[in-house]
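Overview (structure and organization)
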Amino acid sequence: MSDPQISIDLARIEHNARTVVDLCRQSGITPFGVTKGTCGMPQVARAMLRGGVAGIAESRFENIRRLRDAGIDCPIMLLRSPPLTRVEELVRTVDISLQSELQLIREISRIAERLGRVHDVILMIDLGDLREGIWPNDLIPTVEAVMDLPGVRIAGVGTNLTCFGAIIPTQENLTQLVAHAYKVESITGRPLDWVSGGNSSSLPLLLAGGMPNGVNNLRIGEAILQGGRDTFLTDPWEALDRDAFELTGELLEVKTKPSMPIGQSGIDAFGKVPIFVDEGDRLRGIANIGREDVIAEGLMPTRPGVRVLGASSDHLVLDLTEADPPLAVGENVSFRMNYGALLTVMTSEYVEKVPMRDVYETSEARTYAIETDAIGGALVVVQNIAERIDHLGFERSADENALTLSICARRRDVIRFVEEAGRRHDGLGMIWIDSDAAMMPDGDIDAPPAENAVLRRMLDRLPPHIAPENIVLIGLRNAAPEEAAALKASRMRVFTMAEIDAVGLRQAMREAIAIASAGTRGFHLCYSPTATDMSGWSGGIGGITVRETHSAMEMAALSGKLRSLSVSGIDAALPSPIGAECANFILSAFGKTIL
């Protein structure tokens, strides 16, 4: 591991979401899942949605775009009022927003009316935490003013507690919120959709049975992500899992040193005067994590006996004297985090984010299925592909978990196979091995796409089952300027032939598998023969070698995460030797090796 990384256990997040949703449902409360702690990571949002949250709440437009680009089409709530310059983006991309400033609501009204839309707002009321919110004395005049604005609908009222003033949600202050909701309903003459009673800090009150009737929404992030580590401080809610995130770094130095600095003391690089306790000589370690990555005070080592002493911008200093078992240079050291530490880690570009999700291994069900067009079917027969796969220990079956092979003439014929795989496995990545970008502007969406627009069509149709950030293009040699621009704007990872020449196919494929598998149930692999430079054929000149293609397929098989495979370009014009080589590539993807 070269850089620090944070692992994200999506199964634990889904479990926490479901636990919170079940509790809320008993009291008539519908929670939204807050993903800002993970920078709007789509995999995390999908885990929350699988757990039953009604929508996603976010604070930043960049994260909302990331979610929408990934095909997440559930209701999205904006937690923070936007700048005036971004109101149009608010109206276009967000379903409901928390608002407290009349001037901003007037601008929302103006933009929404121009766009022919009606935007829902939750009026935030300050109940004493002194962050955002309408002061209670100003609520009625504000409501009356908003009622006169076209393009805006008062969908509810809400409050925020704990985040700034550390005011704890109580039956008293949330009863005040419900009373304010009744006032608003009497003025508007209709019931409110939402009475939003706060964030994760309201869960202890709910769990204790003290939540007032009338509160029907909570905005839950920390309890789902961190299992209530910062919410249930004295009495943990045992039903929640606190171990969804783990930060790991590498020890760069391990030495015995004095516990007291030597020399004249001043202030550190962050303007503070550090305090040290003289414990004599201690075994100290330095890890490749710093304050540029994390709030060091929020780290909790997972290995017994390890203590965090402090950090500079790039180094984390640890006491390893009592580490059990002992640690050495080059070994990894891991940490749990409080919410503040998690926030900083997720925003650090120097920490690799690794979402994980339990996936079944192909060894559990060695079954396969084949779907082809007429020419693909002929290739299967002539090259004895089914019989050769049988000899590898697979059994042909219609089982939904079978590794599905599809063979067709045109790239566009692959689309339905990929869509079916995405739906069947509910969350896949995709590795696209091809010489061409296939990202030209798409035409009539009701007609089949042109061959040079297939991947662009897929990006529109595959989410949410396959998200762009889980798609990797390998072997690119041909891309028009407009395709290059579209690729740069997408969230796909692209390995051109120039990059493959620089880093090697195995490294590119290793990264591709990691990206396509991150937070998914595995990946679909699409292959076109034009990606490979094969003897006696001009179609693949300049591409990866035959051996490299076999290596890519073998790595896909060994990963245990290949769920389906498509081969396009198998048409009547393809020379028989090239078809035979493609059959060999298919066998490698099913795990055929020399020994």
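All figures in this text were calculated on a predicted structure; none of them were measured in a lab. (Residues numbered from 1 in each chain as written. Predicted model: local features only at pLDDT ≥ 70, side-chain atom pairs only at ≥ 80, totals over all residues. Heavy atoms only, no water.)

1. Some points on the overall build of the protein
A tally of regular secondary structure across the protein gives 19 helices and 24 strands. Against the 2.2 N^0.38 benchmark of 25 Å for 595 residues, the protein shows a C-alpha radius of gyration of 28 Å, consistent with a compact globule. When the backbone C-alpha atoms are referred to their principal axes, the protein occupies close to 80 × 70 × 45 Å. The proportion of buried residues among the 595 residues of the protein is 52%. Just so you have it, the protein exposes about 25,600 Å², and 51% of that area is on carbon and sulfur atoms. Looking at charge distribution, the protein has the averaged site of its 58 positive side-chain charges lying 1 Å from that of its 79 negative ones. (Helix = DSSP H or I, 4+ residues; strand = E, 2+ residues; numbered from the N terminus. Rg over C-alpha atoms; globule rule 2.2 N^0.38 Å. Buried < 20%, exposed > 50% of the residue type's maximum accessible area, 1.4 Å probe, protein only. Areas by Shrake-Rupley, 256 points an atom, 1.4 Å probe, with all protein chains shown as cover. Lys, Arg positive; Asp, Glu negative; His and termini not counted. Charge placed at Lys NZ, Arg CZ, Asp CG, Glu CD.)

2. Side note on the sheet that holds strand β23 (residues 523–527)
In spatial order, the strands read β18-β17-β19-β24-β23-β20-β21-β22; together these eight strands make up an open sheet with parallel pairing. Looking along the sheet, the strands with just one partner apiece sit at the ends: β18 (395–396) and β22 (493–496). As defined by bridge partners, strand β19 (residues 403–407) adjoins strand β24 (residues 562–567) across four bridges and the pair is classed as parallel. Bridging across to β24, Thr-404 finds its partner in Ser-564. Against the sheet, helix α11 (residues 374–382) makes contact with β17 (367–372) and β19, and its axis sits at roughly 135 degrees relative to β17, the strand it touches most. Across the sheet, helix α18 (residues 546–559) touches β20 (428–433), β23 and β24, and the angle it forms with β23 is around 165 degrees. (Pairing = 2+ DSSP bridges. Contact = heavy atoms within 4.5 Å. Axes fitted to C-alpha atoms, helices over the stretch in contact; angles between N-to-C directions.)

3. Concerning α11
For α11, the set of buried residues is Gly-376, Gly-377, Leu-379 and Val-380. Taken end-on, α11 shows its buried residues confined to a sector of 155 degrees, consistent with a single buried face. More than 90 degrees from the buried face of α11, the exposed residues found are Ala-374, Val-381 and Val-382. Its buried side turned inward, α11 meets β17, α12 (385–391), β19 and α19 (576–589). Capping the start of α11, Asp-373 holds a side-chain oxygen 3.4 Å from the backbone nitrogen of Ile-375, two or three residues further along. (Arc of directions from axis to C-beta. Polar contact = N/O pair within 3.5 Å; in protein donor to acceptor, adjacent residues only side chain to side chain.)

4. Some words on the packing of α18 against α19
Contact geometry for α18 and α19: axes closest at 7 Å, N-to-C directions at 30 degrees. In terms of orientation, α18 and α19 fall into the roughly parallel class. Residue-level inspection shows Val-546, Thr-549, His-550, Met-553, Glu-554 and Ala-557 of α18 in contact with α19, the latter providing Glu-581, Asn-584, Phe-585, Ser-588 and Ala-589. Classifying every residue of the contact of α18 with α19 gives five nonpolar, four polar and two charged. (Parallel < 35°, antiparallel > 145°, perpendicular 65-115°, else oblique. Nonpolar A, V, L, I, M, F, W, Y, C, P; charged D, E, K, R; others polar.)

5. Some words on the pairing of strand β6 (residues 119–124)
The element β6 is largely enclosed, with a buried count of six among its six residues. By the alternation rule, side chains of β6 split into His-119, Val-121 and Leu-123 and Asp-120, Ile-122 and Met-124, which are all buried. As a crossover connection, the stretch from strand β5 (residues 96–99) through helix α5 (residues 102–115) into β6 is right-handed. Bridge count between β6 and strand β7 (residues 152–158): six bridges; the pairing is parallel. (Right-handed = clockwise from strand over helix to strand, strands pointing away.)

6. Details of the pattern of salt bridges
A complete count under the given rule lists 35 salt bridges for this structure. Put simply, Arg-68 and Asp-95 hold a salt bridge, and the shortest N to O gap is 2.9 Å. Of this pair, Arg-68 sits in helix α3 (residues 61–69) while Asp-95 sits in the loop between α4 (87–93) and β5; the two residues are 27 residues apart in sequence, bridging distant segments of the chain. Here Asp-95 falls in the partly exposed class, since its relative accessible area comes to 37%. For Arg-282, the salt bridge is made with Glu-322, and the minimal N-O distance between the two is 3.6 Å. One end of the pair, Arg-282, is in strand β11 (residues 281–287); the other, Glu-322, is in the loop between β14 (316–319) and β15 (332–337), with 40 residues separating them in the sequence. Each of Glu-279, Arg-282, Arg-307, Asp-319 and Glu-322 takes part in salt bridges that share partners, so that together they form one network. (Salt bridge = Lys/Arg side-chain N within 4 Å of Asp/Glu carboxyl O.)

7. Notes on the pairing of strand β1 (residues 5–9)
Counting buried positions along β1 yields four of five residues, so the element is predominantly enclosed. Alignment of β1 against strand β16 (residues 352–356), held across five bridges, turns out to be parallel. Bridge assignment links Ile-8 to a residue of β16, and that residue is Pro-355. Relative to strand β10 (residues 245–258), β1 runs antiparallel, the two sharing four bridges. The partner of Ile-8 across the bridge, within β10, is Phe-245.

8. What to know about the confidence of the model for the protein
Taken as a whole, the protein shows an average pLDDT of 93; of its residues, 98% reach a score of 70 or greater. Low pLDDT, under 50, characterises residues 358–364; the stretch is placed with 16 contacts to residues that sit more than four places away or in other chains. (pLDDT = per-residue confidence, 0-100.)

9. Observations concerning the environment of Ala-239
Tracing the backbone shows Ala-239 in the loop between α9 (222–226) and β10. With 219 residues separating them in the primary sequence, Ala-239 and Val-20 have C-alpha atoms 9.2 Å apart. The residues contacting Ala-239, other than those within four sequence positions of it, are His-15 and Thr-19.

10. Points about the nonpolar core
Membership of the largest hydrophobic core comes to 94 residues, with the highest contact counts inside it found for Ile-13 and Leu-203. Filtering out sequence-adjacent residues up to four positions away, Ile-13 remains in contact with Ile-8, Val-44, Ala-47, Met-48, Ile-224, Leu-225, Ala-244 and Phe-245. In terms of nonpolar packing, the next biggest core, distinct from the first, is built from 48 residues, Phe-523, Ile-570, Ile-578 and Phe-590 among them. (Core = buried A, V, L, I, M, F, W, Y, C linked by side-chain atoms within 4.5 Å.)

11. Overview of helix α1 (residues 10–26)
Along an α-helix, residues three or four apart share an orientation, since each turn contains 3.6 residues. The end-to-end C-alpha distance of α1, which contains 17 residues, comes to 25 Å, matching closely the 24 Å that a straight helix rising 1.5 Å per residue would cover. Looking only at α1, the buried set comprises Leu-10, Ile-13, Glu-14, Asn-16, Ala-17, Thr-19, Val-20, Val-21, Leu-23 and Cys-24. Near the N-terminus of α1, the side chain that reaches the backbone nitrogen of Ala-11, with its oxygen 3.1 Å away, is that of Asp-9. Note on α1: the residue one or two positions beyond its end, Gly-28, has a positive phi of about 70 degrees. (Expected span 1.5 Å × (residues − 1).)

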